[in-house]
Amino acid sequence: MQHRLAVLLGLALVVAALAPRARAQPGPTGTPTLQYTVDLTERAEDRFRATLTVDGLPAGSAVLQFAATAPGTYQVMDVGRFVDGLRATDAEGAEIPVERVSTNQWRISDPARVHEVSWTIAETWDTPVDENPIYPMAGTSMEADHVLFNAHAVLAFPSGLQDAPVELAVTVPEGWIVGTALE
């Protein structure tokens, strides 16, 4: 009996390992896909160059939010303090006014027109801060030959779009090897 149970358990594990993995389901009808690009090819200034491409945002998603705390550490991060040059543009490249409303939030004046939002954000390991230093494993590091990239420390998220499908593309220098826990 124990032998049969062991065989069945082993067979179940093999089947589970070979079964196709479920793909993320798209959000509710009308929810835009959030396409992020992070460019790591220019590292001299220790700044990530990030872009969010989206075909318009719902009116309730006018606020772009950076992480205030670190997942798992419950530490105050205030990632927005590392952000520079945040700008929004429409499909023709015309700038859409944005206003910084708090340390971690920017309000986009006309979210329905948004096609692209871009910003640079300093890496957290070498950037001096006066208070709330970032726990190293929750932050980011940018060196000549490698990068540590935690998405919550680089990417902004439009309010109200927690169920939106997300795509991430990372541009790396030629010859680099990417290691990730993602599929």
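As shown above, the structure is provided for reference.
Residues numbered from 1 in each chain as written. Predicted model: local features only at pLDDT ≥ 70, side-chain atom pairs only at ≥ 80, totals over all residues. Heavy atoms only, no water.

Student: Just checking my understanding: could you explain the packing of aromatic side chains for this structure?
Tutor: How two aromatic rings sit relative to each other is set out by the distance from centre to centre and by the angle between their planes. Evaluated as defined, the whole model comprises three aromatic pairs. A centroid spacing of 6.0 Å and a plane angle of 35° characterise the contact between Phe-48 and Phe-149, whose relative ring orientation is tilted. You can see Phe-48 sitting in strand E2 (residues 47-53) and its partner Phe-149 sitting in the loop between strand E10 (147-148) and strand E11 (157-158), a full 101 residues away along the chain. Using a relative accessible area of 22% as the deciding quantity, one classes Phe-149 as partly exposed. Taking 5.5 Å as the distance between ring centres and 90° as the angle between the ring planes, the aromatic pair formed by Phe-66 and Trp-119 counts as edge-to-face. One end of the pair, Phe-66, is in the loop between strand E3 (63-65) and strand E4 (83-89); the other, Trp-119, is in strand E8 (residues 116-122), with 53 residues separating them in the sequence. You can call Phe-66 buried: its relative accessible area is 1%. Owing to a relative accessible area of 2%, Trp-119 belongs among the buried residues under this scheme. (Phe/Tyr/Trp six-rings, centres within 6.5 Å; stacked < 30°, edge-to-face > 60°. Helix = DSSP H or I, 4+ residues; strand = E, 2+ residues; numbered from the N terminus. Buried < 20%, exposed > 50% of the residue type's maximum accessible area, 1.4 Å probe, protein only.)

Student: Can you help me understand the sheet that holds E8 in this one?
Tutor: Consider a sheet: its strands pair through backbone hydrogen bonds, and that pairing is either parallel or antiparallel. Pairing in this open sheet of six strands is mixed, and the strands run E5-E4-E8-E2-E1-E12 from one edge to the other. Looking at strand neighbours, the two that pair on one side only are strand E5 (95-96) and strand E12 (166-171), the edges of this open sheet. For E2 and E8, the ladder comprises seven bridges, and the chain directions are antiparallel. Note that in E8 the partner of Phe-48 across the bridge is Ile-121. (Pairing = 2+ DSSP bridges.)

Student: Can you help me understand a nonpolar patch on the surface in this one?
Tutor: A grouping of Trp-125, Tyr-135 and Met-137 is seen on the molecular surface, where their side chains present a nonpolar patch of about 340 Å² in accessible area. Among the secondary structure elements, Tyr-135 is positioned in the loop between E8 and strand E9 (141-142). (Patch = residues over 30% accessible without salt bridge, like charges linked within 9 Å, V, L, I, M, F, W, Y side chains within 5 Å. Areas by Shrake-Rupley, 256 points an atom, 1.4 Å probe, with all protein chains shown as cover. Salt bridge = Lys/Arg side-chain N within 4 Å of Asp/Glu carboxyl O.)

Student: Mind showing me how you'd approach the pattern of salt bridges here?
Tutor: Pairs can form between side chains of opposite charge once their charged atoms are near each other. According to the stated counting rule, one finds six salt bridges in the structure shown. In this structure, Asp-110 engages Arg-113 in a salt bridge whose closest nitrogen and oxygen atoms are separated by 3.8 Å. The partly exposed category is assigned to Asp-110, whose relative accessible area is 29%. Taken together, the salt bridges that share partners define one network made up of Glu-42, Glu-45 and Arg-49.

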